[in-house]
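Per-entry structural report
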Amino acid sequence: MTQAPTPTADGVRRLVRSLLDEGGDGTGGPDVRPVTEDRTHTWWIGRGHVLRLAPDREASARRRRELRLRDVVRPHVPVAVPASVAHGDWAPGLAYTLDTRVPGGTADEHDVSAVGEADLAGLLSGLRAVPVRQAEALGVPRTAPRSLEALRRMAVHAAERLAAADEFDAARLLQLTPPGAAQLAAQPGTAVLTHHGLTGAHVLVGDDGRVRGVLDWTAAVVGDPAEDIAGLAVAVGSPAAVRAATLAGYGARPCLRGLWLARCDTVVRLTDRLEGRAEGRAEGSLPLLRTRLRRVWEPILLERVTDFAEDDPEP
């Protein structure tokens with residue numbers, strides 16, 4: 001497989017100068033800089049744009065699909081979805097998108113207010129309103145729900161290792177029993193369009209606590225809505241995520257399923273990171289993984305896994 005070129009500031013500036021009618025700082029192009037030092041495929045372009053360069057052909061396919069999907073999602077949700085001002089190939093077969101920059105800081109930096117929770121509820125409601133057939137026609141894949149029981153078993157073993165490292169109280173996972181995991185199995189016929197990548201970095205929040213936008217729709221799938229509830233628990237904490245999902249019309253089952261998906265995931269990911277089985281950039285720094293663990297284990301009013309009636313209402 002051909003090695004993809006490494007983006008450079010000069011190369012990025014030349015590309016952007018051909019796309020934008022601006023002189024930047026007067027030295028031959030706009031101010032460009034990588035979003036972080038270790039992410040050389042995502043660049044801030046001046047104050048108003050962000051350039052994302054796909055590193056391989058698989059990522060390129062997702063970026064091209066994302067362009068169409070964002071246009072479909074935008075009318076349904078109350079928060080900003082980035083708009084592309086230019087797109088094409090930055091190297092043979094490798095896509096780029098130049099997007100308008102959505103204002104706001106990340107949910108890792110700002111707390112979400114009560115009105116912001118209503119914004120998140122509108123996001124979940126809007127995603128449910130997108131016709132599944134329309135999303136699949138764009139090439140959005142359909143994924144089967146994960147087994148919560150299999151994830152629970154992995155998390156139990158991981159929690160024991162975290163407890164030995166004095167990182168976590170393994171007894172907390174005893175709240176989720178095998179019968180409880182079975183009760184929280186995904187129900188047939190509930191698949192919706194999901195962002196499937198909601199993290200603090202992808203949820204933008206203003207100084208007033210309102211949710212301003214949601215970034216990076218490349219991982220979107222048609223699948224289990226509890227995955228997005230789990231993502232919000234990681235991004236903004238379990239209480240806010242469950243309140244938003246409830247406001248969006250989701251009942252106890254998907255809310256608790258999302259809560260436990262997030263709790264088990266964060267236990268497993270922190271263990272993998274501590275034991276060297278996960279790349280730091282992909283999974284996040286140790287402080288961030290510890291923060292996510294703390295967020296999802298914040299207590300909520302609806303903690304017990306109780307018997308659900310067979311006609312437990314779903315939206």
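In what follows, the structure referred to is the one given above.
Described in the following lines is the structure provided in the data block.

What counts and how
- Residues numbered from 1 in each chain as written.
- Predicted model: local features only at pLDDT ≥ 70, side-chain atom pairs only at ≥ 80, totals over all residues.
- Heavy atoms only, no water.
- Core = buried A, V, L, I, M, F, W, Y, C linked by side-chain atoms within 4.5 Å.
- Buried < 20%, exposed > 50% of the residue type's maximum accessible area, 1.4 Å probe, protein only.
- Helix = DSSP H or I, 4+ residues; strand = E, 2+ residues; numbered from the N terminus.
- Contact = heavy atoms within 4.5 Å.
- Salt bridge = Lys/Arg side-chain N within 4 Å of Asp/Glu carboxyl O.
- Phe/Tyr/Trp six-rings, centres within 6.5 Å; stacked < 30°, edge-to-face > 60°.
- Lys NZ or Arg CZ within 6 Å of the ring centre and 35° of its normal.
- Polar contact = N/O pair within 3.5 Å; in protein donor to acceptor, adjacent residues only side chain to side chain.

Residues Leu193 and Val267 are the most contacted members of the largest nonpolar core, which totals 68 residues. Looking at this core element by element, the count peaks at ten residues for helix H9 (residues 252–274). The residues contacting Leu193, other than those within four sequence positions of it, are Leu69, Val73, Leu127, Val130, Ala135, Val140, Ala220, Val221 and Val222. Counting residues in hydrophobic clusters, the runner-up holds 15 residues, among them Val12, Leu53, Ala91 and Leu94.

This next bit is on helix H8 (residues 238–247). For H8, the buried fraction is high: seven of the ten residues fall into the buried class. Among the residues of H8, Ser238, Pro239, Ala240, Ala241, Val242, Ala244 and Ala245 are the ones counted as buried. At its buried positions, H8 is contacted by helix H3 (114–129), helix H7 (226–236), H9 and helix H11 (286–296). Of the residues trailing H8, Gly249 is marked for its positive phi of about 100 degrees.

Once that is clear, we can look at the pattern of salt bridges. Under the defined criterion, the tally for this structure stands at 23 salt bridges. One salt bridge connects Arg146 with Glu227, and the closest N-O pair in it is separated by 2.9 Å. With Arg146 in the loop between helix H4 (132–137) and helix H5 (148–164) and Glu227 in helix H7, this residue pair connects regions lying 81 residues apart in the sequence. Since its relative accessible area comes to 32%, Arg146 is described here as partly exposed. Here Glu149 and Arg152 are joined by a salt bridge, their closest N and O atoms 2.8 Å apart. Here the residue Glu149 and the residue Arg152 both occupy positions in helix H5, the gap between them amounting to three residues, near one helical turn. When salt bridges that share partners are traced, they join Arg52, Glu66, Arg70 and Asp99 into one network.

Okay, the packing of aromatic side chains next. The full count for this structure, using the stated rule, is two aromatic pairs. Summarising the aromatic geometry, the rings of Trp260 and Trp297 are spaced 5.5 Å apart at their centres and angled 85 degrees between planes, so their arrangement reads as edge-to-face. Taken together, the residues span a long stretch of sequence, with Trp260 in helix H9 and Trp297 in the segment after H11 at a distance of 37 residues. Note on accessibility: Trp260 and Trp297 belong to one class, buried. Among the aromatic side chains, those forming a connected cluster through ring pairs are Phe168, Trp260 and Trp297. In this structure, Arg101 is placed above the aromatic ring of Trp44, and the distance from its NZ or CZ to the ring centre is 3.6 Å. The ring centre of Tyr250 lies 4.9 Å from the NZ or CZ of Arg128, which sits over that ring.

With that out of the way, let us pick up the side chain of Asp224. Residue placement: Asp224 occurs in the loop between strand S10 (221–223) and H7. At a separation of 3.0 Å, a polar atom in the side chain of Asp224 contacts the main-chain amide nitrogen of Ala226. Contact partners of Asp224, with chain neighbours within four places excluded, come to Pro145, Ala186, Thr194, Arg257 and Leu261.

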